[in-house]
Amino acid sequence: MVKLTMIARVTDGLPLAEGLDDSRDVPDADFYKQQVKSLFKNLSMGQNEASRMSIETGPYIFHYIIEGRVCYLTMCDRSYPKKLAFQYLEDLKNEFERVNGSQIETAARPYAFIKFDTFIQKTKKLYQDTRTQRNVAKLNDELYEVHQIMTRNVQEVLGVGEKLDQVSQMSSRLTSESRIYADKARDLNRQALIRKWAPVAIVIGVVSLLFWAKNKIW
């Protein structure tokens, strides 16, 4: 069965829509939604750029397609047919592009197209029962094959992003520490110059004062 459905903009990971009634029968639904958000973040950083992919996570599988810089993702039971999952996503993609295509790039707030949930729920119902004549026909449709779509593990996919995040954090930390070191070096150089030239300045000041006093007296 289809468990979760989420749609996001790939360029920045901004969530655009999701199935509002999803996940009520999914234990730890928030955990899987967090994995989806992490995946969207990875995609926004240019990782996992395959336009179609299946990702195993616990007893479920994420299936996603990327089209027009938008990611359409669903989470299904492992037993749910892969072909139906991707045809479900294709239906969502076609309608989302038709209704909201001109506004996708300008959307500025999360879930700007939350009203699309109505279509998500209607379409999900059509795909829930794999035994209906409609879905059996889709499974037998040779025009849409999914054998070449890669399947990976969620830890493998998200682990790459975590490592890159760590590298980015380390780089930022090194940059910050380099700036601190440079500031301290400038302070030390300034103090060294003061120690070097302060006695000379004092002597010059004393001599100048004596000359001034002498001139005043005479």
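The structure we're discussing is the one just above.
Residues numbered from 1 in each chain as written. Predicted model: local features only at pLDDT ≥ 70, side-chain atom pairs only at ≥ 80, totals over all residues. Heavy atoms only, no water.

### Here's the deal with the nonpolar core
Part 1 of the reasoning: By size, the foremost hydrophobic cluster in this structure holds 26 residues, and its most contacted members are Ile7, Leu16, Phe96 and Phe116.
Part 2 of the reasoning: Elements with a contribution of two residues or more to this core: strand 1 (2-9), strand 2 (15-18), strand 5 (70-77), helix 2 (82-100) and helix 3 (117-128).
Part 3 of the reasoning: Considering each element in turn, this core owes the most residues, 7 residues, to helix 2. (Core = buried A, V, L, I, M, F, W, Y, C linked by side-chain atoms within 4.5 Å. Buried < 20%, exposed > 50% of the residue type's maximum accessible area, 1.4 Å probe, protein only. Helix = DSSP H or I, 4+ residues; strand = E, 2+ residues; numbered from the N terminus.)

### Some words on the environment of Gln148
Part 1 of the reasoning: Note on placement: Gln148 falls in the loop between helix 4 (133-139) and strand 6 (150-153).
Part 2 of the reasoning: Along the primary structure Gln148 and Arg52 are separated by 96 residues, whereas in three dimensions their C-alpha atoms are 9.4 Å apart.

### Some words on the packing of helix 2 against helix 3
Part 1 of the reasoning: Their axes nearest at 10 Å, the elements helix 2 and helix 3 cross at an angle of 155°. Between helix 2 and helix 3, the crossing angle belongs to the class labelled roughly antiparallel. By crossing handedness, the relation of helix 2 to helix 3 is classed as right-handed. Contacts from Leu84, Gln87, Tyr88, Asp91, Leu92 and Glu95 in helix 2 reach Phe119, Ile120, Thr123, Lys124 and Tyr127 in helix 3.
Part 2 of the reasoning: Here the residues of the contact of helix 2 with helix 3 sort into 6 nonpolar, 2 polar and 3 charged. (Axes fitted to C-alpha atoms, helices over the stretch in contact; angles between N-to-C directions. Parallel < 35°, antiparallel > 145°, perpendicular 65-115°, else oblique. Left-handed = near helix turned anticlockwise from the far one by under 90°. Contact = heavy atoms within 4.5 Å. Nonpolar A, V, L, I, M, F, W, Y, C, P; charged D, E, K, R; others polar.)

### Quick word on the pairing of strand 3 (residues 52-57)
Part 1 of the reasoning: One ladder, built from 6 bridges, connects strand 3 with strand 4 (residues 60-67); its direction is antiparallel. Bridge pairing links Met53 to Tyr64 in strand 4.
Part 2 of the reasoning: Counted along the chain from strand 3 to the antiparallel partner strand 4, the turn is 2 residues long, and its residue Gly58 has a positive phi close to 55°.
Part 3 of the reasoning: As paired elements, strand 3 and strand 6 share 4 bridges and run parallel to each other. The residue bridging Met53 from the neighbouring strand is Met150, located in strand 6. (Pairing = 2+ DSSP bridges.)

Just geometry here; none of it tells us what the structure is for.
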